[in-house]
Every structure is written in C-alpha cells, then in structure tokens.
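# Summary of structural features
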Amino acid sequence: QVQLVESGGGLVQPGESLRLSCVASGSVFIPHAMSWYRQAPGKQRELVATICSGGKIDHADSVKGRFFISRDYDKNAVYLEMTSLKFEDTAVYYCNAKRTGSRSYDAWGQGTQVTVIS
C-alpha cells in the first residue's frame, strides 16, 4: 500500500506563490510517474503536471510558465511550485503516484485546498 500525504495549500491573493509537497511512503517500488491534479467546485478533476522517472515533465497549458513540478527521489517526494496564482487556480490539489507493470499501483493523496482570493 502506497500512502501519499500532501501539504502546503492555503489562502493567497492573486499573483502570490505557494509550494505544494507530497511525500510517498509504504512501498519500496518507486512510482514511474508522479502527478498533481486539481478539482475545482463543480468541475472534473484535471491533470496539472506530471514528472516521470525517466525525466519527462509535462504541464497543462493553463499553468505553463507559472507552475513547476519537481521530484526528490531521496525523499520520495514531489513538489508543485505555483507562482502568479490566479482566481481560476482555486481548487483542491491531489497528488498521484503511479507504477505500471510489476508491483503496479495507482495511489492518491487526500488533497490540499488552494484558494486564491482578493
């Protein structure tokens, strides 16, 4: 069983920054990909950014140039640096860890709230 614990959400004003953290535990098999998703009220969950163990990184068009995903393999953690936050970034942000093939899993964190308010 893989457990993911997110932290770092909060209440900010437009233009400010936040850094989300997600630490994985419970498995010796590293995830092939770690991602951040978000879900705003009344909307579907959407992919924000993904970082793969091979080094490939993708960000959603809506956050490109403002959000930056990174990973610390020693700490088994993934981070999301969010800058120039906008009202439309308000959502619950979820961490996801996925491993395919042998010892596969698809784990989710409990979510952390990010609210952008003037």
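Residues numbered from 1 in each chain as written. Predicted model: local features only at pLDDT ≥ 70, side-chain atom pairs only at ≥ 80, totals over all residues. Heavy atoms only, no water.

The next subject is the state of the cysteines. Applying the stated criterion to the full structure yields one disulfide. Each disulfide pairs two cysteine sulfurs, and for Cys-22 the partner residue is Cys-95, the sulfurs being separated by 2.1 Å. Taking the torsion about the S-S bond as the criterion, the Cys-22 to Cys-95 disulfide, at about -80 degrees, is left-handed. Linking Cys-22 in strand β3 (residues 18–25) with Cys-95 in strand β9 (residues 91–99), this pair joins segments that are 73 residues apart in sequence. For Cys-95, a relative accessible area of 0% gives the class buried. Free cysteine: Cys-52, not disulfide-bonded; nearest cysteine sulfur from Cys-95 at 13 Å. (Disulfide = S-S within 2.5 Å. Helix = DSSP H or I, 4+ residues; strand = E, 2+ residues; numbered from the N terminus. Buried < 20%, exposed > 50% of the residue type's maximum accessible area, 1.4 Å probe, protein only.)

What the four strands build is an open sheet, ordered β1-β3-β8-β7; its pairing is antiparallel. Looking at the sheet topology across the chains shown, the edges are occupied by β1 (3–7) and β7 (67–72). Put simply, the sheet's adjacent strands are angled 15 degrees from each other on average, direction ignored. Bridge analysis of β1 against β3 gives five bridges, and the strand direction is antiparallel. When the bridges of β3 are listed, Val-5 appears paired with Val-23. (Pairing = 2+ DSSP bridges. Axes fitted to C-alpha atoms, helices over the stretch in contact; angles between N-to-C directions.)

Tracing the chain through its elements places Glu-6 in strand β1. The side chain of Glu-6 is buried and forms no salt bridge, while Arg-45, the nearest opposite charge, is found at 7.6 Å. At a separation of 2.9 Å, a polar atom in the side chain of Glu-6 contacts the main-chain amide nitrogen of Gln-110. Within the structure, Glu-6 has its side chain in polar contact with the backbone nitrogen of Gly-111 (distance 2.8 Å). (Lys, Arg positive; Asp, Glu negative; His and termini not counted. Salt bridge = Lys/Arg side-chain N within 4 Å of Asp/Glu carboxyl O. Polar contact = N/O pair within 3.5 Å; in protein donor to acceptor, adjacent residues only side chain to side chain.)

What follows covers the pattern of salt bridges. Two side chains that carry opposite charge are able to pair once their charged atoms sit near each other. For the coordinates displayed, the defined rule picks out six salt bridges. Measuring nitrogen to oxygen at the nearest pair gives 3.5 Å for the salt bridge that ties Arg-19 to Glu-81. Residue Arg-19 is located in strand β3, and its partner Glu-81 is located in strand β8 (residues 77–82); the two are separated by 62 residues in the primary sequence. The residue Asp-89 makes a salt bridge to Arg-38 at a minimum N-O spacing of 2.9 Å. Here Asp-89, found in the loop between β8 and β9, pairs with Arg-38, found in strand β4 (residues 33–39); they are 51 residues apart in sequence, far enough to count as distant. The exposure class assigned to Arg-38 is buried, which follows from its relative accessible area of 6%. Each of Arg-38, Glu-46, Arg-66 and Asp-89 takes part in one network of salt bridges that share partners.

On to the pairing of strand β10 (residues 105–108), then. A one-sided burial pattern is seen for β10, the buried positions being Tyr-105 and Ala-107 and the unburied ones Asp-106 and Trp-108. Of the pairings in the sheet, the one linking β9 to β10 comprises four bridges and is antiparallel in character. Across the sheet, the residue bridging to Arg-99 is Tyr-105, located in β10. The hairpin turn running from β9 into β10, its antiparallel successor, is five residues long, and Gly-101 in that turn takes a positive phi close to 75 degrees.

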